[in-house]
Amino acid sequence: MLFRSPLEARQDFERSLSLGTGTAGEWRVRALTLRNLGSLANARNEHLEASDRYRETLELLRLHGVSQSPEFASVLLGLGNAQQGLGHFAQAESLYRAALEVHTRILGPTHPLLALDHHNLASTLLQSGAYAAALDTALLAEDVSRRHLRLVIAGLTEREALHYAAQRVSGLDVALTAAVHVPGAALWSRAWDGVIRSRALVLDEMAERHRLVLRNADPGLTMLAARVVAASDRLAHLTVLGRGGASPEVHLARLEQARLEQERAERALAERSDAYRRKQARREIGFAKIAASVPQDVALIGYVRFHRFEFERDADAAPKKDLPRTSIPWYGAFILPSGGHEPRFVSLGPAEQVEERVAAWQREAAEGWRGMPTVAEARYRAAGNALRESIWDSLAVYLGGAQRVFIVPDGALHLVNFATLPTDSRSYLIETGPNLHLLSTERDVVELMDKGRMGSGIMTASSVDFMSSMLRAPSTTNRGDAGTRGAQCAAFQSLWFDSLPGTRIEERNIARLWRKYHARLPGA
């Protein structure tokens, strides 16, 4: 049924309450109608009315013995939302915990609905000022949601996986908001661990999938990989659809059997595939292992873009009828100083401000060459200094004298070349140090260090011909100038990139400078 407006929907639902059908299942229709009216009232911020509707629904469901069902749990959640809107945090917390208990019993502890239950509970704890409890509960929500994401994306295309990842329930926004309010290395470690385990999951999955295809032409291995996908699909199917008409005990037994089948399939593939073994090991990497892997002279920075929650309260902190919640896109950064194992978390400010400075820096970097060199550099330095002040200066004081810094960017910071940010009127970060290395995720640190000691020397390349004879397009291909290199992927095939013969001179100069510098080093 379609309604032209919420008011029309409300009128129709109220009209249906006054009509009795006289059928045995009439109470179900009444319960559904009352729940819908409660949802509409919550949406209008009329939380007292919503509470009354939900309580009446709960009494009706209890009267007919439906207190252990997804329907009952959803009403508990709705009533919890209404109580949270009224500022009755203790009541909301109790209702959310009751819904969580029902869902856990009938759906199992890994069902994605539990992520929403944990998230609602964490939000209430955050709003009430219980920041440490809010952080830990939010990380439980993130863990349930992340595990389900890993399960589902095994059988999805890259586009589908990215869409699902963007839509899933995440607890990181609440956890990071709590981290802003409460200092402490132990709390920050737990928050960073959650970020680390969830960062770039789809990228990792797709990369490992391609490695399996490229490195293994073994039909037996392909069959084992297909079994893993099939077992994962079966487990995801059972998890999402729920128990149906089965009892909770039968449903949980089916889930356990499907989980064992998936584990057996993964174990069989891991025994045959080095790439898959690395994938399994990589997914278990968290903050503790990364902190233990970082060399003494290295600091690690992990940027995060998240939504910071803000709540309105009365001046005397007393509950009021309506407590609106807003979320502000925000940037923060975790820092692990060189030689240390205790991280810090620094709030960098609203994303709008940071991203405006990134955009200004990009404009000057791309267009500065068109003006007078001195004027162009002055304009670039002004934009670069503003950006550096936003994303670097407040972190640099915690690096602990690091010789190298591993940086994991997020959001618009993926577009920033940190080494080119100015440090004073004459120098840039690449000149003043420390040496900067960009990583896709913090998990890359472990793999990087596991490969052993870094090599020595330098590798240079020049005169790159991007359009070699093997890659040249047909004669109908249009040549594009440098101004077209920001084109969308769909137009990328029509672009033409000229070779760069002039880089041979640059390469020779760099190699000569390297040899000259290397000859001066002690022991060289």
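Just above sits the structure.
Since we're looking at a predicted model, the values are computed, not measured.

Cut-offs and rules
Each chain has its residues counted from 1, following the order in which its sequence is written. Only residues with pLDDT of 70 or above have their local features reported here, since the model is predicted, and side-chain atom pairs are shown and tallied only from 80 upward, although totals for entire chains, interfaces and linings are computed over all residues. Calculated side-chain values reflect all of the structure's heavy atoms, with hydrogen atoms and water omitted. Think of a 1 Å grid over the protein atoms and nothing else: a 1.4 Å probe that fits but is trapped marks a cavity, an open set flanked by protein within 12 Å on at least five of seven lines marks a pocket, and residues with an atom within 4 Å of a point count as lining. Grid points are joined across faces, edges and corners, and a volume is the space filled by probe spheres set on the points. The classification used treats Ala, Val, Leu, Ile, Met, Phe, Trp, Tyr, Cys and Pro as nonpolar, Asp, Glu, Lys and Arg as charged, and all other residues, Gly among them, as polar. Each helix is a run of H or I in the DSSP string that is no shorter than four residues. Each strand is a run of E no shorter than two, and both are numbered from the N terminus. One fewer than the residue count of a helix, multiplied by 1.5 Å, yields its expected span. When a residue's accessible area, from a 1.4 Å probe over protein chains only, is under 20% of the maximum for its type it is buried; when over 50% it is exposed; and in between it is partly exposed. Whenever a helix is involved, its axis is fitted only over the stretch in contact; in every case the axis is a line through C-alpha atoms, and angles between N-to-C directions fall within 0 to 180 degrees. Here the word oblique covers every angle except those under 35 degrees (roughly parallel), over 145 (roughly antiparallel) and from 65 to 115 (roughly perpendicular). Helix crossings fall into two classes, left-handed where the near helix is turned counterclockwise from the far one by less than a right angle and right-handed where it is turned clockwise. Contact between two residues is taken to exist if any of their heavy atoms lie within 4.5 Å; hydrogens are not considered. What makes a salt bridge here is a side-chain nitrogen of Lys or Arg within 4 Å of a carboxyl oxygen of Asp or Glu, nothing more. Each patch groups residues whose relative accessible area exceeds 30% and which form no salt bridge, using 9 Å between like charges and 5 Å between nonpolar side chains of Val, Leu, Ile, Met, Phe, Trp and Tyr. Each accessible area value is a Shrake-Rupley result obtained with a 1.4 Å probe; residue values ignore everything except the protein chains displayed when judging cover. Geometry of aromatic contacts follows a simple scheme: Phe, Tyr and Trp rings, the Trp one being its six-membered ring, pair when their centres are within 6.5 Å, and the pair is stacked under 30 degrees between planes, edge-to-face over 60, tilted otherwise. Here, a charge over a ring means that NZ of Lys or CZ of Arg falls within 6 Å of the ring centre while also lying within 35 degrees of the ring normal.

The full count for this structure, using the stated rule, is one cavity of 30 Å³ or more. In this structure, the largest cavity is lined by Ala291, Val294, Pro295, Gln296, Val298, Pro337, Ser338, Gly339, Gly340 and His341. Its residues assigned to classes, the lining of the largest cavity shows five nonpolar, five polar and no charged.

With that settled, consider helix α4 (residues 70-85). If you check α4, its first and last C-alpha atoms are 23 Å apart, about what 16 residues at 1.5 Å a residue would give, namely 22 Å. Within α4, twelve of the 16 residues are buried, leaving the element largely enclosed by the surrounding structure. Directly beyond the C-terminal end of α4, a positive phi value near 85 degrees is found at Gly87.

What follows concerns the packing of helix α16 (residues 351-367) against helix α17 (residues 373-391). Contact geometry of α16 with α17 gives a least axis separation of 9 Å together with a crossing angle of 150 degrees. Relative to α17, α16 is oriented roughly antiparallel. Considering how the two elements wind past one another, α16 and α17 form a crossing that is left-handed. Listed contacts from α17 to Gln353, Val354, Arg357, Val358, Ala360, Trp361, Glu364 and Ala365 of α16 are Arg379, Tyr380, Ala383, Gly384, Ala386, Leu387, Glu389, Ser390 and Ile391.

A few words on the pattern of salt bridges. Under the criterion given, the structure shown has 16 salt bridges. Between Arg146 and Asp143 there is a salt bridge, and its shortest N-O distance comes to 3.0 Å. Taken together, the residues span about one helical turn, with Arg146 and Asp143 both in helix α7 (residues 131-153) at a distance of three residues. What makes Arg146 buried here is its relative accessible area of 5%. Close ionic contact of Arg147 with Asp143 constitutes a salt bridge, the shortest N to O distance being 3.0 Å. Pair noted here: Arg147 and Asp143 are both in helix α7, with a separation of four residues, about one helical turn.

With that out of the way, let us pick up the environment of Leu429. Inspection of the secondary structure puts Leu429 in helix α19 (residues 429-432). Separated by 41 residues in the primary sequence, Leu429 and Arg388 have C-alpha atoms spaced 9.7 Å apart. For Leu429, the residues in contact, after removing those within four places along its chain, are Trp392, Phe418, Ala419, Leu421, Thr423, Pro434 and Leu436.

What follows is about a nonpolar patch on the surface. Where nonpolar side chains cluster on the molecular surface, the patch consists of Ile458, Ile510 and Trp514 and spans about 260 Å² of accessible area. Position of Ile510 relative to the elements: it lies in helix α21 (residues 503-520). Using a relative accessible area of 45% as the deciding quantity, one classes Ile510 as partly exposed.

Evaluation of the coordinates by the stated rule reveals six aromatic pairs. Arranged with centres 5.5 Å apart and planes meeting at 35 degrees, the rings of Trp192 and Phe287 form a pair that is tilted. Note that Trp192 is positioned in helix α10 (residues 185-198) and Phe287 in helix α15 (residues 287-293), a separation of 95 residues in sequence. Taken as a pair, Trp192 and Phe287 share a single burial class, namely buried. Measuring from ring centre to ring centre gives 6.5 Å for Phe306 and Phe345, while their planes differ by 50 degrees; the resulting arrangement is tilted. Residue Phe306 is found in strand β1 (residues 298-311), and its partner Phe345 is found in strand β3 (residues 344-350); the two are separated by 39 residues along the sequence. Across this residue pair, the class does not change: Phe306 and Phe345 are buried. In textbook terms, an aromatic cluster arises when at least three aromatic residues are bridged by ring pairs, as seen for Trp192, Phe287, Phe306, Phe334 and Phe345. Between the NZ or CZ atom of Arg381 and the centre of the ring of Tyr428, over which it lies, the distance is 4.3 Å.

This part covers the packing of helix α5 (residues 89-107) against helix α6 (residues 113-127). Between α5 and α6, whose axes approach to 9 Å, the crossing angle comes to 165 degrees. Judged by the inter-axis angle, α5 sits roughly antiparallel to α6. When the axes of α5 and α6 are compared, the crossing they make is left-handed. Where α5 approaches α6, its residues Phe89, Ala92, Glu93, Tyr96, Arg97, Ala99, Leu100, His103, Thr104 and Leu107 are matched on the opposing element by Leu113, Leu114, Asp117, His118, Asn120, Leu121, Thr124, Leu125 and Gln127. A class-by-class count of the residues in the contact of α5 with α6 yields ten nonpolar, six polar and three charged.

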